[in-house]
Amino acid sequence: MKKHRRIAAALAAAMTLALTACGGAKLTGIALPQAPLELAVGGTAALQATFTYDGETPAEAPAVSYTSADEAVATVDETGTVTAVAAGETTVTAAVGELSATQTVVVNIPTESLAVEELSVHLSDGPVQAAVTVEPAELADQLTYKTGDAAIATVDDTGMVTPVKEGHTSLLILAPDGKRAKAMITVWSGPKELTLAADETEVTVGDTVALTAADETGAAVDAATLAWSSGDETIATVDETGTVTMAAAGEVTITAETAYEIAGSITLTGKEKPKPTPTPAPAATGNSGSSAPASSGSGGSSAAAPTEDAPEGWGTHGWFFVTTDTTAFDLQNQLRAAVGAPALTWDDSLASIAQSRCEDIAVDFSHNGVQTSGENIAVGYADAASVIAAWQGSAGHYANMISTNYTRGAIGHMYDGDGCHYWVAVFE
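Spatial strand order, β20-β27-β26-β23: four strands in an open sheet with mixed pairing. Here the strands that pair on one side only, and so sit at the sheet edges, are β20 (202–204) and β23 (227–230). Here the average twist between neighbouring strands, direction ignored, is 30°. The pairing of strand β26 (residues 250–257) with strand β27 (residues 263–271) spans eight bridges and is classified as antiparallel. Looking at β27, one finds that V252 is bridged to L268.

A word on helix α2 (residues 326–338). With 13 residues, α2 should cover 18 Å at 1.5 Å per step; its first-to-last C-alpha distance of 18 Å lies within 8% of that length. Among the residues making up α2, those that are buried are A328, F329, Q332, N333, L335 and R336. Buried residues along α2 cover an arc of 150° about the axis, so they all sit on one side. Residues Q334, A337 and A338 are exposed on α2 and point more than 90 degrees away from its buried face. Measuring from the backbone nitrogen of T327 back to the side-chain oxygen at the start of α2 gives 3.1 Å, which picks out D325 as the cap. Phi for G340, located one or two positions after α2, is positive at around 85°.

As a further point, take the environment of Q129. Within the fold, Q129 resides in strand β12 (residues 128–129). Among the residues examined, Q129 registers a relative accessible area of 40% and is labelled partly exposed. A distance of 2.9 Å separates the side chain of Q129 from the backbone oxygen of T158, its partner in a polar contact.

Moving on, we come to unusual backbone geometry. Cis rather than trans, the peptide bond between E135 and P136 has omega equal to 0°. Position of P136 relative to the elements: it lies in the loop between β13 (132–135) and β14 (144–147). Of note, the phi angle at E261 is positive, near 65°, even though the residue is not glycine. Within the element layout of this structure, E261 appears in the loop between β26 and β27. Overall, E261 belongs to the exposed group, its relative accessible area being 62%.

Put simply, α2 and helix α5 (residues 395–402) touch, their axes get as near as 9 Å, and they point 85° apart. By the angle between their directions, the pair α2 and α5 is classed as roughly perpendicular. Residue-level inspection shows Q332, L335 and R336 of α2 in contact with α5, the latter providing N400, M401 and I402. Taken together, the residues that form the contact of α2 with α5 break down as three nonpolar, two polar and one charged.

With that out of the way, let us pick up the sheet that holds strand β2 (residues 37–40). With mixed pairing, the four strands of this open sheet are ordered in space as β2-β9-β8-β5. For this open sheet the edge positions go to β2 and β5 (65–68), each flanked by a neighbour on one side alone. In this sheet, neighbouring strand axes are inclined to one another by 25° on average, regardless of whether the strands run parallel or antiparallel. Strand direction decides the pairing type here: β2 and strand β9 (residues 99–108), joined by four bridges, are parallel. Bridge pairing in β9 links L37 to V105.

Analysis parameters
Residues numbered from 1 in each chain as written. Predicted model: local features only at pLDDT ≥ 70, side-chain atom pairs only at ≥ 80, totals over all residues. Heavy atoms only, no water. Pairing = 2+ DSSP bridges. Helix = DSSP H or I, 4+ residues; strand = E, 2+ residues; numbered from the N terminus. Axes fitted to C-alpha atoms, helices over the stretch in contact; angles between N-to-C directions. Expected span 1.5 Å × (residues − 1). Buried < 20%, exposed > 50% of the residue type's maximum accessible area, 1.4 Å probe, protein only. Arc of directions from axis to C-beta. Polar contact = N/O pair within 3.5 Å; in protein donor to acceptor, adjacent residues only side chain to side chain. Parallel < 35°, antiparallel > 145°, perpendicular 65-115°, else oblique. Contact = heavy atoms within 4.5 Å. Nonpolar A, V, L, I, M, F, W, Y, C, P; charged D, E, K, R; others polar.

Right under this line is the structure:
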């Protein structure tokens, strides 16, 4: 019995020596990061063990033994290097004597391809499924979804997009291994179908006819909100209210279009004015009358939707978006209206330039590379109202915003999950 006690005492002494350098500080703890270590199949990473002592830290770290709870998922060698074997989750342990620490290892399947289609959703529609393709297909239920502006559209964990208000925002898809795809969401309103009608489709040359428009429910659509055009203005012209003036005999197609390119058409026929019929009189003479063509005007307008190009690999940020900002554009036009300047017209080509310049100023915050007649840039403002207010408070920027020399424009906005915001307004 005494012999057993002596052996136990000897073992305890040996373990104590393993944790204590000769005459040095005693090792009191070992730790591994709490965050899971994420790897793709075939990837490797070194464990980052840290040590705690009751005195001065020795020059050499203690000898550590490493083990994996499931080597079918990930292995770990004697140096602490973890190798991902197959998709799944396991735990690795680092131990020095009786002291140990653990860390979760998550192994993901590498994403071969990931793509998402642009989405156009009517404001009255319910949730719509985002069209995403991913290879391998087994990753489909492991994707993460996010929209750039939840005030315009939201997305759930399954990729169902719900419209909130009219506008444009981005949809970002993230695979477990970090691969991402991006597309634009357009939330629109107004008619889904457009039908044109006229009291008569045969119109005498020189006369006019007013066209009416209705949506898919039969409800009237304000003609002044539509862009009108004639297929042949030598036969007939149409003004901004939908009033057609027949100029010559023949068939012509009149088209009306909404801001979201929902169009309707009607075919009219111009017919020659009948020759006057003589009125008999006692003296066998006659008289006739004629009418002059009524004057007409033509015109129309259409609204364009901004586009968005996703940045390719800029920086080391987490969530990252580059989009257009119609809210800021509207606020800018309010400032112009306040001083009597006409509103700027949104221009798709300028929107692309504004987005591209957002990426430029994230690297070089200057007007180097400016591509338009006028440009305002800003960084750090989190919303449309604050950046417009900042530009308004600067004489040079404000002059650009209200200048009557400009008739077209666009505003781009780039931001990420780290709180970085970049703004570019362009003018022509």
